[in-house]
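Residues per chain are reported as follows:
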Amino acid sequence: MCDIPCVHDATKCQEPTIIKGRTFPVLLLYCWHREYDKRPYEHFQFRRLDFEERMNRGYHCIRDFRTIVNYLQQRRLKSVFISSVVVSIWDARLVQDFVRSLQNVPKIELKLMRLPVEFFVMMRLNVQKMKLRQLSLEGTPLSPKTASMLREFLLASNTLHTLDVSSCNLTQYNFAIVADGVHKSASMRCFIANRLLGDKLTLDTEKIISIVGSLLMQNKLTELTMQLCEFVAQDMEAIAEYLQSPKCSLRKLNLAHNLIAADGALFLMRGIAQGGNLELLDISGNTIGTHGGEWVAMYLSSCNMLQHLYLNDNQIGAEAISLILLTLKKPCRIKRLQLYGNQYDGRTAMILRRLLDAKVVRQETIDISYTFDEALQDYRVVPWR
């Protein structure tokens, strides 16, 4: 402890000056816009956390939102990104103006929002005037009522081709409502629905996969992403049956972080090899193991159109990784191969070294590389980002 007496008198300390919150005019939005966009400023972004940090006050859901809407009405934008904002129905005219300000915007991202049913009702009423092509509602909760209105919007829209409803609190029941709208939509091509919720602790994947099978059989979707949906190996049979069809229109399939295991990898790779239309497959984080890696190596050379393959964090043994690398021949059609997060040995490093030195694959094509370890007196695999 310090033996020197303290002469500081805490009672004489002045209270810190309180900085009042700044006003939020449209001009300030123009200034912020210059920080992340170039003239003529066609891509709008607004994040509530950044706003509160800069303005030194809380966000007002009506007064401040009116400023945002006024700005949107004055600009002709190509994309709008708004995060963590509550849209209040207290001022119905404000919600109506917000929807009207989005009529000419082809790409809309409303992330972590709180949107009332009235917002989707007004979207449905103005659907013929809207030029929307991409809609992302990631992290925005959807109740059964809002899911039903979103379905009505999908049925009426002739321009929307991409929908993202990831982490929207969709259960196996209201997911069916949204999926029905996607199924009957005339323009939908890309559907992203990550992290679905079950009625209890787990998700009834048998019901979900039957809905997904109906979506795929309509021969319209070109991209499907369903991560963290608890799919198991048996669920992949329905998808594989569609992949092996010559009428398959799907080009990108993302099933990362599910539970498909080795048998699921077998179903998918065999379906892709027989169909030959898929260009991207992401099955990262599915614990397919060494056995699943061997199935990938067996069918990879027969997947004529596959250009992007993601196998990260799958507990694949070094022998299976070596087999996958040995299937790569020159000229190599693979544009991106990700293998990091699995197991490797000296043989894997030597095979990778030979492939890179012979320029069978380029370093930017694969996410692992090799180096000489002086302690081991041998080559070993290292990550490459």
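It should be emphasised that the depicted structure is a prediction, and the values quoted were computed from it without experimental measurement. (Residues numbered from 1 in each chain as written. Predicted model: local features only at pLDDT ≥ 70, side-chain atom pairs only at ≥ 80, totals over all residues. Heavy atoms only, no water.)

A. Representation of the sheet that holds strand S4 (residues 134–136). If you trace the eleven strands from one edge of the open sheet to the other, you get S1-S2-S3-S4-S5-S6-S7-S8-S9-S10-S11, paired in parallel fashion. The open sheet has two free edges, formed respectively by strand S1 (43–47) and strand S11 (336–338), since each of these has just one partner strand. The sheet shows a mean angle of 5° between the axes of neighbouring strands, direction not considered. Where S1 and strand S2 (residues 79–83) come together, five bridges link them in parallel fashion. Following the sheet pairing, His43 is matched in S2 by Ser79. (Pairing = 2+ DSSP bridges. Helix = DSSP H or I, 4+ residues; strand = E, 2+ residues; numbered from the N terminus. Axes fitted to C-alpha atoms, helices over the stretch in contact; angles between N-to-C directions.)

B. A look at the pairing of S2. The element S2 is largely enclosed, with a buried count of five among its five residues. Going residue by residue along S2, you find Ser79, Phe81 and Ser83 tucked away on one face and Val80 and Ile82 tucked away on the opposite face as well. Note: S2 against strand S3 (residues 107–111), five bridges, orientation parallel. Residue pairing across strands places Ile82 opposite Leu110, the latter belonging to S3. (Buried < 20%, exposed > 50% of the residue type's maximum accessible area, 1.4 Å probe, protein only.)

C. Spatial organisation of the packing of aromatic side chains. Scanning the entire structure with this criterion turns up 16 aromatic pairs. Centre to centre, the rings of Phe46 and Phe51 are 5.6 Å apart; their planes meet at 50°, and the pair counts as tilted. With respect to burial, Phe46 and Phe51 carry one shared label: buried. Considering the side-chain rings of Phe51 and Tyr59, the 5.7 Å spacing of their centres and the 85° angle between planes classify their relative orientation as edge-to-face. Side by side, Phe51 and Tyr59 carry an identical accessibility label, which is buried. Among the aromatic residues, those joined into a cluster by ring pairs are Phe24, Trp32, Phe46, Phe51 and Tyr59. (Phe/Tyr/Trp six-rings, centres within 6.5 Å; stacked < 30°, edge-to-face > 60°.)

D. Seen up close, the layout of surface pockets. Roughly 160 Å³ of volume is contained in the largest pocket. If you list the elements that add at least two residues to the lining of the largest pocket, you get helix H1 (26–36), S1 and helix H2 (48–55). When residues in the lining of the largest pocket are grouped by element, the largest group, four residues, is from H1. Tallied by class, the residues present in the lining of the largest pocket amount to five nonpolar, one polar and four charged. (1 Å grid on protein atoms, 1.4 Å probe; cavity = no way out; pocket = protein on both sides within 12 Å on 5 of 7 lines; lining within 4 Å. Points joined across faces, edges and corners; volume = space filled by probe spheres on them. Nonpolar A, V, L, I, M, F, W, Y, C, P; charged D, E, K, R; others polar.)

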